[in-house]
Amino acid sequence: MIEVTNLVRRYGPHIAVDHANFKIEKGEIVGFLGPNGAGKSTTMNILTGYLSSTEGSVKVDGQDILEHPMEIKKKIGYLPENPPLYMDMTVREYLTFTGEIKKIPKSEKKDRLNRIMQTVGIEDVSKRLIKNLSKGYKQRVGLAQAMIGDPQVLIMDEPTAGLDPKQILEIRDLITALGKDHTIILSSHILPEVSAVCRRVLIINRGIIIADDTPENLARHLLGGSHIFLRLDGSETTVSKALGKVTTIVKLDFQQSQEEGTVQLIAEAAPDTDIRRDVFRALSAANIPILMMRSQDMSLEEIFLDLTTREEATA
């Protein structure tokens, strides 16, 4: 659906985007992450046709954005961090106006406006002035204007910025529902939100795409193997002896236990090795009760910090 090839954007001597390459398939919800000044907004502005690239190409649905700008803009809906709202218009007046800009046929306009307002949950405020709406409702109106042209692609920059926890959950559920019919690129600093909605993440730093994968695969790659967190009813000596018989374990990392009379550790195995069954059998044979056993995963925050810190250290 979206194909970015060797994308470069320069501002004088400064390179904001440095030979970025990625593809996004139809129906994907992709998180686009990066520190401030990393090139996220510049990349999204190029994807929407707001900025031109210095080098490289962007294709949407097989069409180059420089060669077919009007056709591609019809296929993209954009929700910037600060939605472009006209505060002295009512919600319906504003959406009618944006519908005219998008050249929606008059015969379709009323039904489409009603359908979109119902989808984003703003029917009850359709006659109110936008300036009198809450932050959450303003964000929904901004999302409605992005959808008004019935685009195939939705690009959202910080869609939950400034919202309270309840509003964040509502917008998150709405994005998940929209993902059934749209390709979505979501930029956000709220990383649990990205984890909840996106099955794939792109991470950009200093203008370079440094990661492109699922959070699970990135965590597995950074951890370097399979890691199991254990809390056991036993001593460090007896546990070490029992688990020493599991040949696929390459390292035991004992930690201070949070529960008196127990030991806590992380057992590390060779890459792509599931050691849970072997660990269970070894501890059962040694009569060591397992109080807790779970996979040791990295959160998206940890992945993000690890990758961006590494990139800065090697720069």
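Residues numbered from 1 in each chain as written. Predicted model: local features only at pLDDT ≥ 70, side-chain atom pairs only at ≥ 80, totals over all residues. Heavy atoms only, no water.

Peer 1: Describe the packing of aromatic side chains, naming the residues involved and giving the relevant values.
Peer 2: Per the counting criterion, the structure on display carries three aromatic pairs. Members of the aromatic cluster, joined through ring pairs, are Tyr86, Tyr94 and Phe97. One cation-aromatic arrangement involves Arg294 over Phe229; the distance from NZ or CZ to the ring centre is 4.5 Å. (Phe/Tyr/Trp six-rings, centres within 6.5 Å; stacked < 30°, edge-to-face > 60°. Lys NZ or Arg CZ within 6 Å of the ring centre and 35° of its normal.)

Peer 1: Could you give an account of the nonpolar core, with specific residues and numbers?
Peer 2: A general feature of soluble globular proteins is that nonpolar side chains tend to end up buried together. Judged by nonpolar contacts, the single largest core of 43 residues is most densely connected at Val91, Leu95, Ile122, Val141, Leu143, Met156 and Leu178. Those residues within four positions of Val141 in sequence are excluded, and the remaining contacts are Leu85, Val91, Tyr94, Leu95, Ile122, Ile130 and Leu133. (Core = buried A, V, L, I, M, F, W, Y, C linked by side-chain atoms within 4.5 Å. Buried < 20%, exposed > 50% of the residue type's maximum accessible area, 1.4 Å probe, protein only. Contact = heavy atoms within 4.5 Å.)

Peer 1: Provide a residue-level description of the environment of Val246, including the pertinent values.
Peer 2: Here Val246 shows up in the loop between α9 (236-243) and β12 (249-255). Excluding residues within four positions of it along the chain, Val246 makes contact with Asp278 and Ala282. (Helix = DSSP H or I, 4+ residues; strand = E, 2+ residues; numbered from the N terminus.)

Peer 1: Tell me about helix α10 (residues 276-285), residues and numbers included.
Peer 2: Residues of α10 that are buried include every one of Val279, Ala282 and Leu283, and no others. For α10, the angular spread of the buried residues around the axis is 95°, confining them to a single face. Among the exposed residues of α10, those pointing more than 90 degrees away from its buried face are Arg277, Arg281 and Ala285. Just beyond α10, the residue with positive phi is Asn287, at close to 60°. (Arc of directions from axis to C-beta.)

Peer 1: Give a detailed account of the environment of Thr5, specifying residues and quantitative values.
Peer 2: Along the chain, Thr5 falls in strand β1 (residues 2-11). The exposure class assigned to Thr5 is partly exposed, which follows from its relative accessible area of 30%. For Thr5, the contacting residues outside a window of four places in its chain are Ala20, Asn21, Gly56 and Ser57.

Peer 1: Which residues make up the sheet that holds strand β10 (residues 208-213), and what values go with them?
Peer 2: Within the open sheet, the six strands sit side by side as β6-β7-β8-β3-β9-β10. Their pairing is mixed. Either end of the sheet is taken by a strand with one partner, and the two such strands are β6 (76-79) and β10. Adjacent strand axes in the sheet meet at a mean angle of 15° when their direction is disregarded. Helix-sheet contacts for helix α5 (residues 135-147) involve β6 and β7 (153-157), and the interaxial angle to β6 is about 160°. (Pairing = 2+ DSSP bridges. Axes fitted to C-alpha atoms, helices over the stretch in contact; angles between N-to-C directions.)

Peer 1: Please provide a residue-by-residue account of the environment of Pro83, values included.
Peer 2: Position of Pro83 among the secondary structure elements: in the loop between β6 and α3 (91-101). A residue is classified by how much of its surface remains accessible, and Pro83, at 16% relative accessible area, is buried. As for Pro83 and Ala267, which are separated by 184 residues in sequence, their C-alpha atoms are 48 Å apart.

Peer 1: So what's going on with the pairing of strand β11 (residues 227-232)? Which residues, and what values?
Peer 2: Here is the key point about a regular strand: its side chains alternate between the two faces of the sheet. Burial of β11 is extensive: six of the six residues sit out of reach of the surface. Residue alternation in β11 divides its side chains into two sets, His227, Phe229 and Arg231 and Ile228, Leu230 and Leu232, and both sets are buried. Alignment of β11 against strand β13 (residues 263-269), held across six bridges, turns out to be antiparallel. Bridge pairing in β13 places Arg231 opposite Gln264.

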